[in-house]
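Below, each chain spelled out in residue letters.
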Amino acid sequence: MNEELRRIWKSFFDWVMGNGPRPENEVIPPEPPPDLPFTRKPKDKYSRFHEATLKERYNQWLEIHGLHLFSVLYAGLSVLTCIVIVSLLLATVAELPPFGHERNPANNEVIRRYVEHGGHETGAQNIVAGLILDYRAFDTFGESAVLFTAAVSVLMLLGASRRNRAESELQPHTYEIGRNFLQRGPPSLGHHVFRRDDTILHSVANLSIPVILMMGCVVVINGHLSPGGGFSGGAILSTALILAANAYGFERVHEFFNERTFIISSSTALMIYALSKGYSFFTGANHIHSIIPKGTIGNILSGGLILPLNLCVGLIVAGTLYGFYALFSEGDM
Amino acid sequence: MLEKLLLNHYEAAAVILSGIGLTNLLLQRNLIKKIIGLNIMDTAVYLFLAAKGYVEGRAAPILIADGSGGWLRSSALYVNPVPAGLVLTGIVVSVSVTAFALALTLKLYESYGTLNIDEALMKMTQEQEELEARIDDAEEEVLSS
């Protein structure tokens, strides 16, 4: 019994430390490139003998003791800093008003105003949706723009270099006959080896992708009536795209959603958002009658601009999150 | 002090979580683990904001029908809706920053073949020294000719 336990613990320990037996189909990452031969040493600029030896001896001592001492000192100091900061913050937390009490200073007249007038001023049943897409719509526009900018910068950082490298190291696809095994050249950084004949993954994807897409659409469209909205619905939609890419390969998703589609749809959504909300803010600030109807609270067509804005945000979030996944795993979109 | 901390246990947990994240950020030498530490600190902020918005015994801020075609609009019925919007902003910014930082880390790995920040710095210093030695040689050649 004890031997058995020890054996199980040893295999678990090996697995944790990464020493265990390797599965046969594991993709071993490539060796890092060998260090460049630095044959030419920097020249010694000190002509006088004793200065040079002093410097050399200092460097030697630094190599032997200094770095180790410094790392110990650094670790100790950083733990000390964190303990001091956490204890200061805990002392502050102990003085905060009690958790969940209705007389807390956070529940002030701003909240009363939002809850009591939010319904008929924005036309949305979900007060948070009315808050973020009507009162504070400019903030949400900034958030969408931040997401779009992050996606475009990741595209610039990863997409361009990968494409150049793929063109320079263009290698024919190798097919293993009989197993329908697709491999793009040597397995290098960021290139998966796809197995196209995975029946379980295909069946699960066939069953669940329509359900996930429908769920995402419901969450986006009902954003002003129920919890959810553009951000959470867009995240659900992007999981459907990621599942499709994993089950059928990135090429299949690439046919209907690629870099061009992403840029066009996201810029159009941002533009619609900016123009419609700009009109709404302009008329509201100048007391001009706005043509946008509020609708009755609780109907699907209510809440003024909240439904179209939720659709725009959902489109941007779905494209961005799928784009992050595709760029990080495949280097292209 | 301890009973007050137990009364505010969500905020205390958020503070401890942010301390864990900060320690992770300072002590880890692997860049991806550093980014995970930053994400732990983000999570602590969401927990703190959500805890500040909660009011005992009140419903989520979605208007409840009063049964006769109208809506219950009393502010004594719903929790604070503002922290939800603030947490949303936080999540979006954290996702964007994480993605950008990971992309930069990937570029660093492609250039230097390591995720360890010390090794990468060492290789950068070696490159710099190599460059300076070459510049010195070129200057000497120009001066001697």
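So, how was this worked out
- Residues numbered from 1 in each chain as written.
- Chains lettered and ligands numbered in written order.
- Predicted model: local features only at pLDDT ≥ 70, side-chain atom pairs only at ≥ 80, totals over all residues.
- Heavy atoms only, no water.
- Helix = DSSP H or I, 4+ residues; strand = E, 2+ residues; numbered from the N terminus.
- Axes fitted to C-alpha atoms, helices over the stretch in contact; angles between N-to-C directions.
- Parallel < 35°, antiparallel > 145°, perpendicular 65-115°, else oblique.
- Left-handed = near helix turned anticlockwise from the far one by under 90°.
- Nonpolar A, V, L, I, M, F, W, Y, C, P; charged D, E, K, R; others polar.
- Expected span 1.5 Å × (residues − 1).
- Bend = angle between axes of the 7 residues up to and from the residue.
- Buried < 20%, exposed > 50% of the residue type's maximum accessible area, 1.4 Å probe, protein only.
- Contact = heavy atoms within 4.5 Å.
- Buried area = accessible area lost by both parts, 1.4 Å probe.
- Salt bridge = Lys/Arg side-chain N within 4 Å of Asp/Glu carboxyl O.
- Polar contact = N/O pair within 3.5 Å; in protein donor to acceptor, adjacent residues only side chain to side chain.

Peer 1: What am I meant to see in the environment of A13 of chain B here?
Peer 2: Tracing the sequence through the fold places A13 of chain B in helix 2 (residues 9–27). Taking the C-alpha atoms as reference points, A13 of chain B and A44 of chain B, separated by 31 residues in sequence, lie 7.9 Å from one another.

Peer 1: Before we go on, may I ask you to explain the packing of helix 6 (residues 199–221) of chain A against helix 7 (residues 230–248) of chain A in this structure?
Peer 2: All names here are of chain A. Axis separation between helix 6 and helix 7 bottoms out at 8 Å; the angle between their running directions is 165°. One element, helix 6, and the other, helix 7, form an angle in the roughly antiparallel class. Considering only the axes of helix 6 and helix 7, their crossing is left-handed. Among the residues forming the contact of helix 6 with helix 7, the class breakdown is 16 nonpolar, nine polar and no charged.

Peer 1: Which parts of the structure should I look at to understand helix 3 (residues 109–122) of chain A?
Peer 2: Given 3.6 residues per turn, any residue in an α-helix points the same way as the ones three and four places further on. Residue and element names in this part refer to chain A. The terminal C-alpha atoms of helix 3, which comprises 14 residues, lie 18 Å apart, in line with the 20 Å expected from a rise of 1.5 Å per residue. If you look at helix 3, its biggest bend is around 40°, right at E116. Within the span of helix 3, buried status applies to I111, Y114, V115, G118, G119 and T122. The positive-phi residue at the C-terminal boundary of helix 3 is G123, with phi of around 80°.

Peer 1: In this structure, what is going on with the interface of chain B and chain A? I would like to understand it.
Peer 2: A common way to state how big an interface is: give the accessible area lost once the parts meet. On the chain A side, the residues contacting the 62 residues of chain B number 67 residues. Looking only at chain B, the three residues that lose the most surface to chain A are I62, L63 and R73 of chain B, adding up to 9% of its buried area. Put simply, chain B and chain A have one salt bridge between them. The salt bridge involving R58 of chain B is made with E102 of chain A; its shortest N-O contact spans 3.4 Å. Our count for the contact surface shared by chain B and chain A stands at 13 residue pairs in polar contact (both at pLDDT 80 or more). Secondary structure elements with two or more residues in the side of chain B that touches chain A: helix 1 (2–7), helix 2, helix 3 (31–53), helix 4 (82–112) and helix 5 (117–144) of chain B. Split by residue class, the side of chain B that touches chain A holds 33 nonpolar, 12 polar and 17 charged.

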